[in-house]
Amino acid sequence: GKYRELREVLRQLDHADIAEFLSDLIEEQGAAEAAIAYRVLPREDASEVFAHLDSDEQETLIGELGAERAVRVIESLDPDDRAKILDELPVEVTRRIIRRLTPESRRETQAILGYPAESVGRLMTPDYVKIRKAWTVGQAMAQIRRYGKDAETINWIYVVDEHGELVDDIHIRTLLLADPDTPVEELMDGRFITLNAMDDREEAVRLMARHDRSAMPVVDGLGLLIGIVTYDDIADVAEIEATEDIHKLGGLEALDAPYLSTRLVEMLKKRAGWLAGLFMMQLLTIAVMGFFDGALEKAVILALFVPLIVSSGGNTGTQAASLLVRALALDHVEPGDWRKVLGREVVTGLVLGTLLGALGLATVVGCDLVGLAESAYPWRVGFVVGTAVVGIVLWGSIAGSALPLLMQRIGLDPAASSSPLVATIMDVSGLTIYFAVAVVVLRGTLL
């Protein structure tokens, strides 16, 4: 019951740390305790803390705070944070809250929510400072003092014409160091980069990283300035997109909530589909083994080295796919670079294949010498394994690099060319190459 002391303690903490404290309270002592702690926060801190909570924790807190308090909390947020939270709440809760927002807040929120789910329009905020090129620096600074306190950032000031079209952006440092009587137009250089509200949010991540910007303007199809995107929003997107890619590379659909917050049923849905599909694809491996059943009966020793063959192909393909998925995500390569990529992977595959092939030959001969896998023709079997490994590693490098490029070209997420998918493809094709080489080389001896 020492609410005044609690308030003073919380006032000394960073917003993210307070959010973590509330998360622990929700998990360990329930939402009621967390709501009490949240209520004692100073008003200026409450909205910032709320924005740092996970979506399920926000929903829990809203339910505990009550309708009136919840509406005040959400209305105090920046428009982009408000839209993000409402987008993640259940539809009926979102509708109820939107109806109770002030007309201005409702108009801002609905404008952002009107854009596609993963577009730049959903990230932008309409809170920024804009000036006219005909003004003096003194007039521009007066505008900043008047509206800057409500802006998401004042690092960049945006120059618009009489129609609202963006004509330039100026760093605050330039205005601060200029003479108050200097016309704004003299400070303009016309070099500015924009995002379109309909762009995919990953484009915002790439552009802000490439140009090292803390904020970027967002325009519509007519070039009118309608909002800005800031680095904190982009950092969240980068983390989300990286997490999605990692999950897909692991052979499952991206989780919509933190791992420990994901329900068992949801976890099964995310993982079962991929596992079932890959399981069925392995039937092709059985088909290959069945087709070469006669060769295996005559030369059982070939079966002993199947794990070596399978692993070399799967590992090589997975390496290549992982490299290309990340390169595409960072915009280091694009589908049009496929000739360069394949040329590079062919050389890499041949060198790696030769090294692993020589190691495979030595392994077979060594196993024969120590009695682990004795054969009447150890050098021939070693040649089969070594040659097959060269071909499989070469094919793995080509297939693993080509698959992400192909998926990007046809509009699919390259990360969906996951490690398990590439490994499964290489299992089938690798066994085919292995047994085909064995039939050719060992005909007349073991076969």
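The structure this text deals with has already been given above.
Residues numbered from 1 in each chain as written. Predicted model: local features only at pLDDT ≥ 70, side-chain atom pairs only at ≥ 80, totals over all residues. Heavy atoms only, no water.

Draft legend 1. Spatial organisation of the pairing of strand E6 (residues 225-230). Among the six residues of E6, five are classified as buried, and the element is accordingly described as predominantly covered. The pairing of strand E5 (residues 215-219) with E6 spans five bridges and is classified as antiparallel. Opposite Ala215, over in E6, you have Thr230 as the bridge partner. Linking E5 back to E6 in an antiparallel pair, the connection comprises five residues, with Gly223 at a positive phi of about 85 degrees. (Buried < 20%, exposed > 50% of the residue type's maximum accessible area, 1.4 Å probe, protein only. Helix = DSSP H or I, 4+ residues; strand = E, 2+ residues; numbered from the N terminus. Pairing = 2+ DSSP bridges.)

Draft legend 2. Inspection of unusual backbone geometry at higher detail. For Asp212, which is not a glycine, the phi torsion comes out positive at approximately 55 degrees. Residue placement: Asp212 occurs in the loop between helix H13 (201-211) and E5.

Draft legend 3. Inspection of the side chain of Thr153 at higher detail. Position of Thr153 among the secondary structure elements: in the loop between helix H11 (137-147) and strand E2 (156-160). Among the polar contacts listed, one links the side chain of Thr153 to the backbone nitrogen of Asn155, at a separation of 3.1 Å. Residues within four places of Thr153 in sequence aside, it is in contact with Ala215, Ile228 and Thr230. (Polar contact = N/O pair within 3.5 Å; in protein donor to acceptor, adjacent residues only side chain to side chain. Contact = heavy atoms within 4.5 Å.)

Draft legend 4. Representation of the layout of surface pockets. What the second largest pocket holds in volume is close to 720 Å³. Lining of the second largest pocket is provided by 26 residues; of these, Pro79, Glu108, Pro126, Asp127 and Asp150 occupy positions nearest its centre. Those elements that place two or more of their residues in the lining of the second largest pocket are helix H7 (79-88), helix H9 (103-113) and H11. Top element by residues in the lining of the second largest pocket is H9. It accounts for six residues. Across the lining of the second largest pocket, the residue classes break down as 11 nonpolar, five polar and 10 charged. (1 Å grid on protein atoms, 1.4 Å probe; cavity = no way out; pocket = protein on both sides within 12 Å on 5 of 7 lines; lining within 4 Å. Points joined across faces, edges and corners; volume = space filled by probe spheres on them. Nonpolar A, V, L, I, M, F, W, Y, C, P; charged D, E, K, R; others polar.)

Draft legend 5. Representation of the packing of H13 against helix H14 (residues 231-249) in the model. Closest axis-to-axis distance for the H13/H14 pair is 9 Å, and the angle between their directions is 115 degrees. You can see that H13 and H14 cross each other, and the crossing is left-handed. Touching Arg201, Glu202, Ala204, Val205 and Met208 of H13 are Tyr231, Ile234, Val237, Ala238, Ile240, Glu241 and Glu244, all from H14. Residue classes in the contact of H13 with H14 are distributed as eight nonpolar, no polar and four charged. (Axes fitted to C-alpha atoms, helices over the stretch in contact; angles between N-to-C directions. Left-handed = near helix turned anticlockwise from the far one by under 90°.)

Draft legend 6. Just the pairing of E5, in detail. E5 sits mainly inside the fold: five of its five residues count as buried. Sheet topology note: the strand E4 (residues 195-196)/E5 ladder contains two bridges and is parallel. Bridging from a neighbouring strand, Asn196 pairs with Val219 of E5.

Draft legend 7. Structural view of the sheet that holds E4. Pairing within the open sheet is mixed, and its three strands lie in the order E4-E5-E6. The sheet is open, and its two edges are formed by E4 and E6, each paired on a single side.

Draft legend 8. Broad picture of the sheet that holds E2. What the three strands build is an open sheet, ordered E1-E2-E3; its pairing is mixed. In the strand order of this sheet, the two ends are held by strand E1 (130-132) and strand E3 (166-171), each with one partner. In this sheet, neighbouring strand axes are inclined to one another by 35 degrees on average, regardless of whether the strands run parallel or antiparallel. With five bridges connecting them, E2 and E3 associate as antiparallel partners. When the bridges of E3 are listed, Val160 appears paired with Leu166.

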